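Structure at a glance
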Amino acid sequence: MFLSDTPLPNSPGNSKIASRWLVLLLLLYQHTAADTFMTSPDYDFIVVGAGTAGCLVAARLSEIPQWSVLLIEAGDEENFLHSIPLIAPMFILSASNWGYKAEKNDTFGLGLREGRLIWPRGKVMGGSSVINSMIYTRGNRKDFDNWERLGNKGWGYDQILPYYLKHENMTIENLMKDTKYHSTKGELDISYPPHRTSISEAFIAAGMEKGYKTVDYNAKSQTGFSFCQTTIRDGGRWSSNRAFLEPARNRKNLTVMKKTLVTKIIIDPYSRRAYGVEYRSYGTVMRAYAGGEVIVSAGSTNTPQLLMLSGIGPKDHLKEHRIPVIQDSKVGYNLQDHVSLINLFFTVNKSVDIHLNRPVNVINNLAQFARERYGEFTVPSGFEALSFVDVDDNDGFPEIEMFFGGLLLPTIPFYLSRLGVLSDEFNKFFSPLTSMNGFTVLPILLRPHSLGRVKLRDNNPLNPPLVYPNYLSDHKDVETLIKGIRMTVDLTKTKAMQELGADLFRKPLPTCKQHKFESDEYWECAIRYMTLSIQHSVGTCKMGPDSDPDAVVDSRLRVRGIRNLRVVDASIMPFITSGHTMAPVYLIAEKAADMIKADWTAYYYGK
């Protein structure tokens, strides 16, 4: 059980009530699937990590009945609670998350417990697609065209669009008619959440007043305002596990092992060929062998850790931890993430928002979700709408996403624990909001200049890696975020927002009182104290051409210097995409599956 009925730390109000009904719900329904045991240690392909990418890759490769595929996942099955969109932040506190934290830094997270920001990564069948907020954004055309300009042939927008279409099942009626940019034939449902608050409609109307258009941000133009396109089916989360893996689980050529940790890739140091993995399952160390490829889809934190533990990484760092160096490579560098601040709260004078600190609302809406898959519980993490906006040069390449939540985040009993709020003085700052009506906007920095790194803690694979995001180390990121904050505040001065009495919550952070409220100095202080990761970490196994000394994989995602080893997850991104990164990870997996099929069909059949 991942929640007790005791109050959650640093949670105001009715946290005890909230945690009790959540535990009761889990007791009412627990979805499990039978463990799969290996009948043979030999496979054609081994996929490490049943996350967003790994589930899709394993499903696609097992479409060829002559190929045997082993998929290994450290976590367990997802359950009914995971399907409830509103409570997604709760899973940061559960066994479905690896429980990592970023290392302390004096540029960000100063208001968090121990100065350490929580670093969520999915540890469950379906990976982070099971604990995220289900927002489906492909990114900007220029993101992918820039990837190709770096020397990554085949990754331009026109080349990657068919891979988006392959797995998409667009269910939004006015969007599904656009057959150039959307498909209704794939496994992954894309929909608007069934429930919508009037306050989110006011957000869209405010954007129109400011001269923006309503857009399909996954089509021709990204800049503008929209309700969120989400991976929700019939009101519930539609994860990578549900969409791709579950329909394939009964295939005889697919073996799935869960609660199993891969600790090393087995590489012949002479031929430099990957031919298997070492793993721990129920306390036993064992091996599995791949006649074809080992495919690492463990994510932007665990993939670099596994590569380095296996001898692929910066030689000085590996030698420091007494790991024999097989390939000197910039593994772990180029870490990028989207970042925001958490305390941009706005109050309204009408009860038009979602409010989880009202037990009657919780009970009624939970019953409605269980009965009809409708109501407030279908809103992903409470966020309903977004906008992509230019704050600099109006070139159609937005620097900021305004992510709109039709609720005040402190009213979610477990949300402050997810943030790791530091002390009583911050609880006092947040506590007045628990009885107010209002909304939250996260101004998200889309293209950060600050780069971080993932390093090994030691050579023990059971110990978590060291994560250094280095948020806000480049002051240009602070300047862009402040512009986004000001655009957000200005939006509340529109007629649509003023009809609700919208106003910025004007109580200054106690640690920033020395600065004039709303000045650039105040907002920089707030950003550095109340820093929020949007959980979009990418880039730690950078894709690039032979001429790029920082590239870990080539444009076919093959690890440089090692045969039969490929990386397929968010870590290969040379630059982070402009939006939530789940959709691009699906794209990467879809394209990689086709490349693997092409390479090995030619090998086996000479075609």
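Above this text sits the structure in question.
Figured I'd write up the structure that's included with this text. Residue numbering note: each chain is counted from 1, following its sequence as written. The predicted origin of the model limits local features to residues at a pLDDT of at least 70 and limits the giving and counting of side-chain atom pairs to 80 or more, whereas totals for whole chains, interfaces and linings rest on all residues. Processing note: side-chain calculations cover all non-hydrogen atoms of the structure and skip hydrogens and water entirely.

Looking at the packing of helix H13 (residues 475-491) against helix H15 (residues 520-529)
Two measures define how a pair of helices packs: the angle their axes make with one another and the distance between the axes. For the pair H13 and H15, interaxial distance at closest approach is 10 Å and the crossing angle is 110°. Regarding the angle of H13 to H15, the classification is roughly perpendicular. Across the interface between the two elements, His 475, Val 478, Leu 481, Ile 482, Ile 485 and Arg 486 of H13 pack against Asp 520, Trp 523, Glu 524, Ile 527 and Arg 528 of H15. In this classification, the charged set is Asp, Glu, Lys and Arg, the nonpolar set is Ala, Val, Leu, Ile, Met, Phe, Trp, Tyr, Cys and Pro, and all remaining amino acids, among them Gly, are polar. Tallied by class, residues from the contact of H13 with H15 come to 6 nonpolar, 1 polar and 4 charged. A fitted line through C-alpha atoms represents every axis, and for helices the fit uses only the stretch in contact; the resulting angles, taken between N-to-C directions, go from 0 to 180 degrees. Working definition: helices are DSSP H or I runs of at least four residues, strands are E runs of at least two. Numbering for both runs from the N terminus. By the definition adopted for this analysis, an angle is roughly parallel if under 35 degrees, roughly antiparallel if over 145, roughly perpendicular if from 65 to 115, and oblique otherwise. Any pair of residues with heavy atoms lying within 4.5 Å of one another is described as a contacting pair.

A few points about the pattern of salt bridges
The salt bridge definition used is simple: a Lys or Arg side-chain nitrogen within 4 Å of an Asp or Glu carboxyl oxygen. Considering all chains together, one arrives at 34 salt bridges under this definition. The shortest N-O distance in the salt bridge between Lys 258 and Glu 77 comes to 3.3 Å. Residue Lys 258 is located in the loop between strand S10 (254-257) and strand S11 (260-268), and its partner Glu 77 is located in the loop between strand S2 (69-72) and strand S3 (100-101); the two are separated by 181 residues in the primary sequence. In terms of burial, Lys 258 and Glu 77 fall into one category: buried. Of the charged contacts, one joins Glu 168 and Arg 138 as a salt bridge, the two residues approaching to 2.8 Å between their closest N and O atoms. A residue pair is termed long-range when its members are at least 10 positions apart, and Glu 168 in strand S5 (residues 168-170) and Arg 138 in the loop between strand S4 (118-119) and helix H3 (141-149) qualify at 30 residues. Each residue gets one of three labels from its accessible area relative to the maximum for its type: buried under 20%, exposed over 50%, partly exposed in between, using a 1.4 Å probe on protein chains only. Since its relative accessible area comes to 0%, Glu 168 is described here as buried. What you see here is one network of salt bridges that share partners, running through Arg 60, Glu 63, Lys 166, Glu 187, Glu 590, Asp 594 and Lys 597.

Digging into unusual backbone geometry
Phi angles above zero are rare outside glycine, and Asn 334 is one such case at about 65°. Tracing the backbone through its elements, the reader meets Asn 334 in the loop between strand S15 (327-328) and strand S16 (339-341). Residue Asn 334 is classed as buried on the basis of its relative accessible area, which comes to 15%. Its identity as a non-glycine residue notwithstanding, Leu 557 has a phi of 70°, on the positive side.

Overview of the state of the cysteines
Note on disulfides: each one is a pair of cysteine sulfur atoms within 2.5 Å. Within this structure, the stated rule accounts for 1 disulfide. Two residues share a disulfide in this structure: Cys 512 and Cys 525, whose sulfurs sit 2.1 Å from each other. When the S-S torsion is -85°, as for the bridge of Cys 512 with Cys 525, the disulfide is left-handed. Highlighted residues: Cys 512 in the loop between strand S23 (503-504) and H15 and Cys 525 in helix H15, separated in sequence by 13 residues.

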